[in-house]
Amino acid sequence: MSSLQKNSFIKSIQFYIPALILLFSVLNEFDLNYLNIEYFSFNFVHILIFYWTLKNPIYLTYGIIFIAGLINDVVIGIPMGLSSFCYLLICIVTAYLRNITLSPNFVKDWFSFLFTIVLINSVQVIILDLIFLIEINYLSYVVNSGFTFLFYPMFFVIFNPLNQIIYQKKND
């Protein structure tokens, strides 16, 4: 009987791995700006949200994504709700892509991700610059979008086996 309870506990923990990674990354402000490499940064949270809401949206709910956005706003010091809005825009794009895609293809997903991060960063820059009058370094947004786009395949390779493991454990 205790082995069933342990197995059930492990299954429930594995189900929440994407949400835990998301919350850890927004609390941690996960980026590589601390390495003092000029013009090198990428947005891990965008990759994480795009992948999990596109491939298996049951693991990353909209409520958790919204709360993660609020936490991110507090941690990095931007107006409340902006990150939540941008994260939920990613969810809207992935929901649309899931509905129109007949056969999933990595290359199509990757270029859809490029469109998504350009859209999200454009919306964020417009809101910060035009509405809140916060001075923006446009080059850093362009570099961040480029590196985020380039790192997507690496995280796709990491998240795919994790998705298979979680899905397999859930159906056991």
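Not measured: the values here are computed from a predicted model.

Side chains of nonpolar character tend, in soluble globular proteins, to be buried together. By size, the foremost hydrophobic cluster in this structure holds 44 residues, and its most contacted members are L22, I47, I49, W52, Y152 and F159. Broken down by secondary-structure element, the contributors of at least two residues to this core are α2 (17-28), α3 (44-55), α4 (62-76), α5 (82-100), α6 (106-131) and α7 (138-171). The leading source of residues in this core is α3, at 9 residues. Ignoring anything within four residues of it in the chain, the contact list for F159 reads F44, I47, L48, Y51 and W52.

The next thing to look at is the pattern of salt bridges. Evaluated as defined, the whole model comprises 1 salt bridge. In this structure, D109 engages K55 in a salt bridge whose closest nitrogen and oxygen atoms are separated by 2.8 Å. One end of the pair, D109, is in helix α6; the other, K55, is in helix α3, and 54 residues separate them in sequence. Its relative accessible area of 6% is what places D109 among the buried residues.

With that out of the way, let us pick up the packing of α3 against α6. Running from amino to carboxyl end, α3 crosses α6 at an angle of 130°, the nearest separation of the two axes being 11 Å. Regarding the angle of α3 to α6, the classification is oblique. In the packing of α3 onto α6, the handedness of the crossing is right-handed. Every residue of α6 that contacts α3 at H46, I47, F50, L54 and K55 is listed here: D109, S112, F113, T116, I117, I120 and N121. For the contact of α3 with α6, the residue count by class is 6 nonpolar, 4 polar and 2 charged.

With that settled, the discussion passes to the environment of L128. Turning to its location among the elements, L128 is positioned in helix α6. You can call L128 buried: its relative accessible area is 4%. Sequence separation of L128 and P79 is 49 residues, and the distance between their C-alpha atoms is 8.4 Å. Contact partners of L128, with chain neighbours within four places excluded, come to P79, L82, L133, I134, I136 and Y141.

Moving on: the side chain of S84. Its place among the elements puts S84 in helix α5. On the accessibility criterion, S84 (0% relative accessible area) is buried. Among all residues touching S84, those that are not within four sequence positions of it are F66, G69, L70 and D73.

With that out of the way, let us pick up α2. Along its 12 residues, α2 runs 16 Å from first to last C-alpha, staying within 8% of the 16 Å computed at 1.5 Å per residue. Of the residues making up α2, those classed as buried are P18, A19, L22, S25 and V26. The buried residues of α2 occupy one face: seen down the axis, they fall within an arc of 135°. Opposite the buried face of α2, by more than 90 degrees, sit the exposed residues F24 and L27.

On to α6, then. With 26 residues, α6 ought to run about 38 Å at 1.5 Å a step, and its terminal C-alpha atoms sit 36 Å apart, in line with that. Regarding α6, its N-cap is N105, as a side-chain oxygen of that residue lies 3.2 Å from the backbone nitrogen of V107 further along. With its phi angle positive at about 55°, L133 sits one or two positions after the end of α6.

Cut-offs used in this document
Residues numbered from 1 in each chain as written. Predicted model: local features only at pLDDT ≥ 70, side-chain atom pairs only at ≥ 80, totals over all residues. Heavy atoms only, no water. Core = buried A, V, L, I, M, F, W, Y, C linked by side-chain atoms within 4.5 Å. Buried < 20%, exposed > 50% of the residue type's maximum accessible area, 1.4 Å probe, protein only. Helix = DSSP H or I, 4+ residues; strand = E, 2+ residues; numbered from the N terminus. Contact = heavy atoms within 4.5 Å. Salt bridge = Lys/Arg side-chain N within 4 Å of Asp/Glu carboxyl O. Axes fitted to C-alpha atoms, helices over the stretch in contact; angles between N-to-C directions. Parallel < 35°, antiparallel > 145°, perpendicular 65-115°, else oblique. Left-handed = near helix turned anticlockwise from the far one by under 90°. Nonpolar A, V, L, I, M, F, W, Y, C, P; charged D, E, K, R; others polar. Expected span 1.5 Å × (residues − 1). Arc of directions from axis to C-beta. Polar contact = N/O pair within 3.5 Å; in protein donor to acceptor, adjacent residues only side chain to side chain.

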